[in-house]
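The lines below spell out each chain.
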Amino acid sequence: MNILYKSEPERGRLWAERLKTLLPEATFRQWPDVGDPTKIDYLVAWQPPENLSDFTALKVLFSVGAGAEQFDYAALPPELPVVRMIEPGLTSGMVEYVTFAVLGLHREMPRYFQQQREKNWLAHASLPAARRRVGVMGVGKLGEAVLQPLLQLGFDCAGWSRTPKNIPGVASFVGEAQLGAFLARSDILICLLPLTAATENILNADLFSQLPPGASLVHAGRGKQLNHQHLLNALESGQLAAAVVDVTSPEPLPADHAFWRHPAIWLTPHIASQAQPESALTALLENIRRFERGEPMHGLVERERGY
Ligand code: NAP
Ligand code: GLV
């Protein structure tokens, strides 16, 4: 079995070492040491090599990330299975990030940090978590996981997805028809949607106008889902109070972009969650075993659905 890895070199070195004991029969190659491309069975990458058509025996393309929307599907063989990364380390990272962001917004930390800069000692009335309505857009692997600590903290939680969900304590809203009702009850809106034709530019002025006045945003999906100017306008008008933004388009933002210095925006460089080398390798090997046994792999992308 021949595996080609094309991503962060340090993780590749660690995987190469681990595989010697975990899967000694495998040959693990790290880009650009491809060898004979016609011998590669599995490719693990954020982006495939440009000469992918030379990889005539390729069985599966594994994304190193939770998302697989970065691939140009038109350039991939139509039958090639594409699998995204589902692994507990990546999920935990997102749980930490979203919990941090929701608590920061719930306790109005952007406002208090701005007051600190102004040397302004001023307390505002606080709301209990039970009266703060949190809405999660995208109730998949990550959305469902982030809801658990929020429920435990007592937030009033809802989710929005394409298909109905049955998560105890979480109101389920489905599809375009229920988007307005979902938004109207989201004081803190969290975006964990995959990037598809339907979700591109979804965080726009029309959507912001349907949130309760003074709502906040946590954006940890994909950059192209957020209209930057519409977010700035919504913050300027007070329709939105604050935003925690982890993903933008482009990444990184240009040096003169307004997000860098905006007092009501916490900007992070696409670090909400990252696959953890050890647990990601376990997940990858489990999927390879499943594929070789003819069993369904975890995280198989449904191309016609777009995620
Ligand atoms: P997932 O398991 O595929 O879940 C996606 C969810 O979005 C599902 O609940 C799906 O609905 C819903 N959805 C998709 N299209 C929709 C639409 N048009 N309308 C309503 N709901 C829609 O994905 P995941 O593993 O949770 O990851 C979600 C995304 O997080 C990734 O695609 C990636 O973009 C992002 N991400 C970001 C970071 C970061 O560091 N910032 C890290 C990892 C992942 P159904 O359940 O009904 O299918
Ligand atoms: C990061 O954004 C990922 O998709 O894992």
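None of the values given here were measured: they were computed from a predicted structure. (Residues numbered from 1 in each chain as written. Chains lettered and ligands numbered in written order. Predicted model: local features only at pLDDT ≥ 70, side-chain atom pairs only at ≥ 80, totals over all residues. Heavy atoms only, no water.)

(A) Layout of the overall build of the protein chain. The helix and strand tally for the protein chain stands at 8 helices and 12 strands. Summarising its shape, the C-alpha atoms of the protein chain cover approximately 65 × 40 × 35 Å along the three principal directions. Per-residue burial for the protein chain yields a buried fraction of 49% across its 307 residues. Of the contacts formed within the protein chain by residues at least 6 apart in sequence, a portion of 61% connects residues at least 24 apart. A distance of 5 Å separates the average location of the 28 positive side-chain charges in the protein chain from that of its 32 negative side-chain charges. (Helix = DSSP H or I, 4+ residues; strand = E, 2+ residues; numbered from the N terminus. Buried < 20%, exposed > 50% of the residue type's maximum accessible area, 1.4 Å probe, protein only. Contact = heavy atoms within 4.5 Å. Lys, Arg positive; Asp, Glu negative; His and termini not counted. Charge placed at Lys NZ, Arg CZ, Asp CG, Glu CD.)

(B) Highlighting the site of ligand 1. Every one of the 29 residues lining ligand 1 counts as a neighbour, but Arg84, Leu142, Thr163, Lys165 and Tyr307 are closest to it. Interatomic distance of 3.1 Å between a side-chain N/O atom of Glu69 and an oxygen atom of ligand 1. Within the contact set of ligand 1, an oxygen atom lies 3.1 Å away from a backbone nitrogen or oxygen of Gly140. The protein chains hide 93% of the 940 Å² of surface that ligand 1 would expose on its own. In the shell around ligand 1, the residues fall into 13 nonpolar, 8 polar and 8 charged. (Near = heavy atom within 4 Å. Polar contact = N/O pair within 3.5 Å; in protein donor to acceptor, adjacent residues only side chain to side chain. Areas by Shrake-Rupley, 256 points an atom, 1.4 Å probe, with all protein chains shown as cover. Nonpolar A, V, L, I, M, F, W, Y, C, P; charged D, E, K, R; others polar.)

(C) View of the sheet that holds strand β7 (residues 156-161). The strand order β8-β7-β6-β9-β10-β11-β12 describes an open sheet built from 7 strands, whose pairing is parallel. Lying at the two open borders of the sheet, with one neighbouring strand each, are β8 (170-174) and β12 (265-267). In this sheet, neighbouring strand axes are inclined to one another by 15 degrees on average, regardless of whether the strands run parallel or antiparallel. Relative to strand β11 (residues 240-245), strand β10 (residues 215-219) runs parallel, the two sharing 5 bridges. (Pairing = 2+ DSSP bridges. Axes fitted to C-alpha atoms, helices over the stretch in contact; angles between N-to-C directions.)

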